[in-house]
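# Analysis of the macromolecular model
Below are the chains, spelled out letter by letter.
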Amino acid sequence: AKAKFTWAWTQGTGGEVQEFRVRCGSSTGSYDLVVAVPNPEARSVAVSAVITVVGKYFCIVSAANQFGESPSSNEVSFEAGAIPVSPSGFTVQAQ
């Protein structure tokens, strides 16, 4: 199964949402990777849409429209990907 970011959002008293923005970075509070999810009905996005390199990441999501962006959600952190272990038993066999 593919990992995904998920969130909840309800209209409340604010303006209508036009997109969600998932932001991630390699240190807490610093988010240099940004992916816009331009579907107001969306409540998830694949981690692979944001993260393409193995490492530890810290991520938040916000809601946005033409007037601005909401405050950020809570921050989540995780290890993305892992390189495989080394093969073993590598030999050459004569024919």
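A few points on the structure. Keep in mind that this is a model prediction, so the values were computed, not measured.

## Quick notes on the pattern of salt bridges
- Under the defined criterion, the tally for this structure stands at three salt bridges.
- Here Glu19 and Arg21 are joined by a salt bridge, their closest N and O atoms 2.6 Å apart.
- Classification of Glu19 by relative accessible area gives buried; the value is 18%.
- Of the charged contacts in the structure, one is a salt bridge between Glu69 and Arg21, with a shortest N-O distance of 2.9 Å. Taken together, the residues Glu69 in strand β6 (residues 68-69) and Arg21 in strand β2 (residues 19-25) connect sequence positions 48 residues apart.
- One connected set of salt bridges, linked through shared partners, spans Glu19, Arg21, Arg23 and Glu69.

## Side note on the state of the cysteines
- Overall, the coordinates contain one disulfide when judged by the stated rule.
- Bridging Cys24 to Cys59, the disulfide has an S-S length of 2.1 Å. Taking the torsion about the sulfur-sulfur bond, which here is approximately 115°, the covalent link between Cys24 and Cys59 counts as right-handed. Here Cys24, found in strand β2, pairs with Cys59, found in strand β5 (residues 55-65); they are 35 residues apart in sequence, far enough to count as distant.
- On the basis of relative accessibility, which here comes to 2%, the residue Cys59 falls in the buried class.

## Comments concerning the side chain of Asn65
- Tracing the backbone through its elements, the reader meets Asn65 in strand β5.
- Among the polar contacts made by the side chain of Asn65, one reaches the main-chain amide nitrogen of Phe67 at a distance of 2.8 Å.
- With near-sequence residues (within four places) excluded, Asn65 lies in contact with Gly15, Glu16 and Gln18.

## Here we look at the pairing of β5
- Of all eleven residues that make up β5, ten are buried, and the element is covered over most of its length.
- Direction of pairing for β2 relative to β5: antiparallel, over a ladder of seven bridges. Pairing of Gly25 across the sheet is with Phe58, part of β5.
- The pairing of β5 with strand β7 (residues 76-80) spans five bridges and is classified as antiparallel. Note that in β7 the partner of Cys59 across the bridge is Val76.

What counts as what
- Throughout, a residue's number is its position along its own chain's written sequence, starting from 1.
- Local features in this predicted model are restricted to residues whose pLDDT is 70 or higher, and side-chain atom pairs enter the listing and the counts only when it is 80 or higher, whereas totals over whole chains, interfaces and linings include all residues.
- Here the side-chain values reflect all heavy atoms present in the structure, with hydrogen atoms and water set aside.
- For salt bridges, the criterion is a side-chain nitrogen of Lys or Arg within 4 Å of an Asp or Glu carboxyl oxygen.
- Note on exposure labels: buried denotes an accessible area under 20% of the residue type's maximum, exposed denotes more than 50%, and partly exposed covers the range between, all computed with a 1.4 Å probe on protein chains only.
- Numbering of helices and strands runs from the N terminus; a helix is a DSSP stretch of H or I covering at least four residues, while a strand is a stretch of E covering at least two.
- Our working definition of a disulfide is a cysteine sulfur pair at a distance within 2.5 Å.
- Throughout this description, a polar contact denotes any pair of N or O atoms lying within 3.5 Å of each other; where both atoms belong to protein, one of them has to be capable of donating a hydrogen while the other can accept it, and for residues adjacent in sequence the pair is counted only when both atoms sit in side chains.
- We call two residues in contact whenever any of their non-hydrogen atoms come within 4.5 Å of each other.
- Pairing between strands requires that DSSP locate at least two bridges from one strand to the other.

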